[in-house]
Amino acid sequence: GLQHAIDTGFLENKTTPTALVLADPNQTWPGRHDQSWSPPDKRWNPSTCVVAAVSLSPSTGSSSVLWRRDGLPSNSTRLVPLPIPVGGALVVADNALVW
């Protein structure tokens, strides 16, 4: 799911409203990536964030996920929707930019 949203935005030039959601379902942090810590925990993974595009239908009140990208850096902090002609979105992390 898209629990624990970090940031949101909207894509341009879509016929239906399309929301972008940046989330960290596992709620980890960079200091947690030490694998020598016991017990084993899936939050050791340094790539826990997710970004998804969700189509919203105001007339019916429904939504559907158009696409989803898993495995983004766990220190992702911001989502920047990019204008046309580039389009899409930029995910900003402490040490990475992901388009």
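See above for the structure.
Residues numbered from 1 in each chain as written. Predicted model: local features only at pLDDT ≥ 70, side-chain atom pairs only at ≥ 80, totals over all residues. Heavy atoms only, no water.

**Student:** How would you sum up the sheet that holds strand β1 (residues 5-10)? Please name residues and give values.
**Tutor:** On the basis of which strands lie adjacent, the open sheet formed by 4 strands has the order β1-β2-β3-β4 and antiparallel pairing. Two strands close off the open sheet at either side, each with one partner strand: β1 and β4 (62-72). Averaged over neighbouring strand pairs, the angle between their axes works out to 20 degrees when direction is ignored. By the bridge criterion, 5 bridges tie β1 to strand β2 (residues 18-23) in an arrangement that is antiparallel. Bridge pairing links Thr-8 to Val-21 in β2. (Pairing = 2+ DSSP bridges. Helix = DSSP H or I, 4+ residues; strand = E, 2+ residues; numbered from the N terminus. Axes fitted to C-alpha atoms, helices over the stretch in contact; angles between N-to-C directions.)

**Student:** Lay out the pairing of strand β3 (residues 49-57) with the relevant residues and their values.
**Tutor:** Most of β3 sits inside the fold, with 7 of its 9 residues counted as buried. Sheet topology note: the β2/β3 ladder contains 6 bridges and is antiparallel. If you follow Leu-20 over to β3, its bridge partner there is Ala-53. The pairing of β3 with β4 spans 8 bridges and is antiparallel. (Buried < 20%, exposed > 50% of the residue type's maximum accessible area, 1.4 Å probe, protein only.)

**Student:** Please set out the environment of Val-98 residue by residue, giving values where relevant.
**Tutor:** If you trace the backbone, Val-98 turns up in strand β7 (residues 96-98). Between the alpha carbons of Val-98 and Ser-76 there is a distance of 9.5 Å; along the sequence they are 22 residues apart.

**Student:** Please provide a residue-by-residue account of unusual backbone geometry, values included.
**Tutor:** Peptide bonds are mostly trans, and most non-glycine residues show a negative phi. With omega at 20 degrees, the peptide bond leading from Ile-84 into Pro-85 counts as cis. Tracing the sequence through the fold places Pro-85 in the loop between β5 (76-81) and β6 (89-93). Even without being glycine, His-4 reaches a positive phi, approximately 65 degrees. Within the secondary structure layout, His-4 lies in the segment before β1. His-4 gets classed as partly exposed once you look at its relative accessible area, which sits at 38%.

**Student:** Can you tell me about the nonpolar core, naming the residues and giving the values?
**Tutor:** Formed by Leu-11, Leu-20, Leu-22, Cys-49, Val-51, Ala-53, Leu-72, Leu-79, Ala-89, Val-91 and Val-98, the largest nonpolar core amounts to 11 residues. Those elements giving two or more residues to this core turn out to be β2, β3 and β6. If one sorts the elements of this core by residue count, β3 sits on top with 3 residues. Ignoring anything within four residues of it in the chain, the contact list for Leu-20 reads Asp-7, Thr-8, Gly-9, Leu-11, Ala-52, Ala-53, Trp-67, Leu-79, Pro-81 and Ala-89. (Core = buried A, V, L, I, M, F, W, Y, C linked by side-chain atoms within 4.5 Å. Contact = heavy atoms within 4.5 Å.)

Everything listed here is a matter of coordinates, which is why it stays silent on function.
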